[in-house]
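Architecture and fold: a report
Listed below are the residues making up each chain.
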Amino acid sequence: MYYIILSILFPVLSGVYLLVRKEMKSRKNLLWTTGIFFVITAVFVMLALYTWEGGIFALFSLTQRLPILFKVDEVSVVFSVMAVIIFLCAGLFSFEYMKHEQKEKRYYGFYLIAFGVLLALCFAGNLITFYLFFEMLTLVSMPLVLHNGSREAIMAGLKYLFYSLSGAYMALFGLYFIERYGNTLTFSPGGVISSQAAEGHSAMLLCIAFAMLIGFGVKAGMFPMHAWLSAAHPVAPAPASAVLSAVIAKAGVLAVVRVVYYIFGASFLRGTWVQKTWMVLTLITILMGSVLAYREPVFKKRLAYSTVSQVSYILFGLSVMNADSLTGGFLHVLCHGFIKAGLFLCAGAIIYKTGKTRVEQLRGIGKEMPVLMWCYTILSLGLIGIPPMCGFVSKWYLAEGALSSSLYGFSWIGPVILLLSALLTAGYLLPVTISGFFPGADYPYGALEKKEPSWFMTVPVLALTILSVVIGLLPEGLIYYLSQMIEKLI
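The rules we used
Residues numbered from 1 in each chain as written. Predicted model: local features only at pLDDT ≥ 70, side-chain atom pairs only at ≥ 80, totals over all residues. Heavy atoms only, no water. Helix = DSSP H or I, 4+ residues; strand = E, 2+ residues; numbered from the N terminus. Rg over C-alpha atoms; globule rule 2.2 N^0.38 Å. Buried < 20%, exposed > 50% of the residue type's maximum accessible area, 1.4 Å probe, protein only. Contact = heavy atoms within 4.5 Å. Areas by Shrake-Rupley, 256 points an atom, 1.4 Å probe, with all protein chains shown as cover. Lys, Arg positive; Asp, Glu negative; His and termini not counted. Charge placed at Lys NZ, Arg CZ, Asp CG, Glu CD. 1 Å grid on protein atoms, 1.4 Å probe; cavity = no way out; pocket = protein on both sides within 12 Å on 5 of 7 lines; lining within 4 Å. Points joined across faces, edges and corners; volume = space filled by probe spheres on them. Nonpolar A, V, L, I, M, F, W, Y, C, P; charged D, E, K, R; others polar. Expected span 1.5 Å × (residues − 1). Polar contact = N/O pair within 3.5 Å; in protein donor to acceptor, adjacent residues only side chain to side chain. Salt bridge = Lys/Arg side-chain N within 4 Å of Asp/Glu carboxyl O.

Observations concerning the overall build of the chain
Scanning the chain for helices and strands turns up 21 helices and two strands. Whereas a compact globule of 490 residues would reach a radius of gyration of roughly 23 Å, the chain reaches 22 Å, a difference of no more than 12%. For the chain, the C-alpha atoms occupy an extent of roughly 75 × 55 × 45 Å along the three principal directions. A burial count over the chain gives 61% of its 490 residues as buried. A fraction of 81% describes how many contacts in the chain between residues 6 or more apart in sequence connect residues 24 or more apart. In the structure as shown, the chain presents an accessible area of about 18300 Å², 66% of it carried by carbon and sulfur atoms. In the chain, the 33 positive side-chain charges and the 21 negative ones have mean positions that sit 7 Å from each other.

A short note on the layout of surface pockets
Estimated volume of the largest pocket: approximately 250 Å³. Lining of the largest pocket is provided by 13 residues; of these, Ile 384, Lys 395, Leu 418, Leu 419 and Ala 422 occupy positions nearest its centre. Looking at the lining of the largest pocket, the elements that each hand over two or more residues are α18 (390-403) and α19 (410-437). Counted by class, the lining of the largest pocket contains eleven nonpolar, one polar and one charged residues.

Here's the deal with helix α3 (residues 74-97)
Along an α-helix, a turn takes 3.6 residues, which lines up residues three or four apart on a common side. Taking 1.5 Å of rise per residue, the 24 residues of α3 would be expected to cover 34 Å, and the 34 Å separating its terminal C-alpha atoms lies within 8% of that figure. Among the 24 residues that make up α3, 19 are buried, leaving the element largely enclosed by the rest of the structure. Its side-chain oxygen 3.3 Å from the backbone nitrogen of Val 75, Asp 73 forms the N-cap of α3.

Let's talk about empty space enclosed by the protein
Per the stated rule, a full pass over the model turns up one cavity of 30 Å³ or more. A volume near 50 Å³ is recorded for the largest cavity. Together, Phe 79, Met 82, Ala 83, Leu 118, Cys 122, Val 247, Lys 250, Ala 251 and Leu 254 line the largest cavity. Counting residues per element, the ones that place at least two in the lining of the largest cavity are α3, α4 (104-123) and α11 (250-264). A per-class count over the lining of the largest cavity returns eight nonpolar, no polar and one charged.

What to know about the pattern of salt bridges
All chains considered together, the criterion is met by six salt bridges. Between Arg 27 and Glu 104 there is a salt bridge, with its nearest N and O atoms 2.8 Å apart. Of the two residues, Arg 27 is situated in helix α2 (residues 27-51) and Glu 104 in helix α4; the sequence distance between them amounts to 77 residues. With a relative accessible area of 26%, Arg 27 lands in the partly exposed category. The class for Glu 104 is buried, based on a relative accessible area of 12%. Notably, a salt bridge pairs Lys 99 with Glu 96, separated by 3.5 Å at the nearest N-O pair. When its relative accessible area of 47% is taken as the criterion, Lys 99 is described as partly exposed.

In structure tokens:
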């Protein structure tokens with residue numbers, strides 16, 4: 001059980017060590033030290049998952065009624081494994097990318113601290129522990145947004161801070177009431193709201209549940225609190241954008257899972273105005289994010305708007321509250337994580353090698369970076385939902401879940417919105433591939449030179465691409481695992 005604490009404390013202390021230590025003699029020493037920290041953290045996480053035998057580990061208590069608890073459950077496994085893979089891939093990519101950024105030691109320090117805090121969120125055993133580290137994640141990830149120190153980065157960082165803290169305070173407001181009307185703050189499948197204590201207060205508790213959904217939904221970029229994401233992600237270094245979009249935005253998803261299925265319980269919210277309003281907000285976000293991405297000319301900002309849309313696919317699956325929709329939602333947690341991290345790393349490699357940041361500047365890029373652009377194309381097909389990519393499998397289950405729901409109107413509006421969003425996704429991702437490989441007869445081919453990035457950049461992108469393909473081709477084992485978990489939730 002102590003491996004859980006080591007998997008949290010080790011990256012945090014390693015990051016602090018990098019921040020307070022004087023500059024190292026060489027960049028090579030910094031990279032070797034950071035790489036070793038990454039690997040040791042990953043080993044601790046795998047040991048924590050492998051050796052856990054159940055139960056709850058209490059670290060200390062804030063008060064007599066507010067213990068800081070950690071445990072491992074099926075949801076912890078899904079989110080922690082995804083976090084480890086993406087943080088390792090983005091970390092390896094950054095060893096090359098961060099050459100043209102200043103203050104690398106500071107970057108790796110906060111990167112490691114954010115890694116540890118995110119793992120603490122994955123392993124949090126009760127709501128107060130989760131809230132503590134949820135707030136902390138905002139504070140330690142903000143320096144990744146601010147890294148280049150430009151006015152745009154500072155304003156984006158402040159926007160990220162304001163939105164995140166506002167949402168967290170809405171969640172804190174709800175926490176007070178849960179402590180009063182719940183049997184416990186410890187996460188329990190099916191919920192913890194006491195039927196006796198809640199009798200006569202169901203209307204108030206529904207309002208509290210909705211406030212917490214909006215508050216925690218800020219981190220996931222759900223409408224109407226989505227604007228921070230498109231501002232913060234594009235200005236951060238590309239590997240930081242990858243983890244912000246693919247993993248840290250999922251902290252909001254993880255929070256929603258814990259609140260809906262482990263605190264209030266699906267049976268308490270199913271069929272209420274909270275569920276229906278939540279579904280409306282997720283569908284608005286899906287369509288709005290896709291439209292904004294389609295119209296956006298800046299490459300990384302286009303991918304950021306895409307994240308707004310795609311993360312709400314997951315939230316839509318969670319809001320439908322049946323087995324198929326939940327299977328699709330949890331599958332999309334992994335699929336979107338691997339695909340979007342890969343796409344942001346592709347964008348970062350292009351920026352690093354060519355300095356091009358706008359979509360219209362990428363004509364012929366497939367001739368210059370064929371390996372990278374093939375990875376980009378495969379990842380794009382996955383995000384669109386083309387079979388046999390993993391995005392197809394997750395969206396299939398999302399559509400099936402919506403169609404089989406008994407919610408009037410949503411059973412057909414949901415799949416229609418998903419289909420429209422998929423078409424828009426093709427419209428904003430595939431033109432980069434088409435103009436990249438087929439720039440046109442008027443394009444000066446003589447000016448094209450091979451600019452394939454180094455293996456530090458190529459290997460992580462290849463790994464994420466392969467993962468997305470493997471999940472799409474061989475989803476049965478993962479679906480079975482998720483079905484066992486979902487059975488406990490609904």
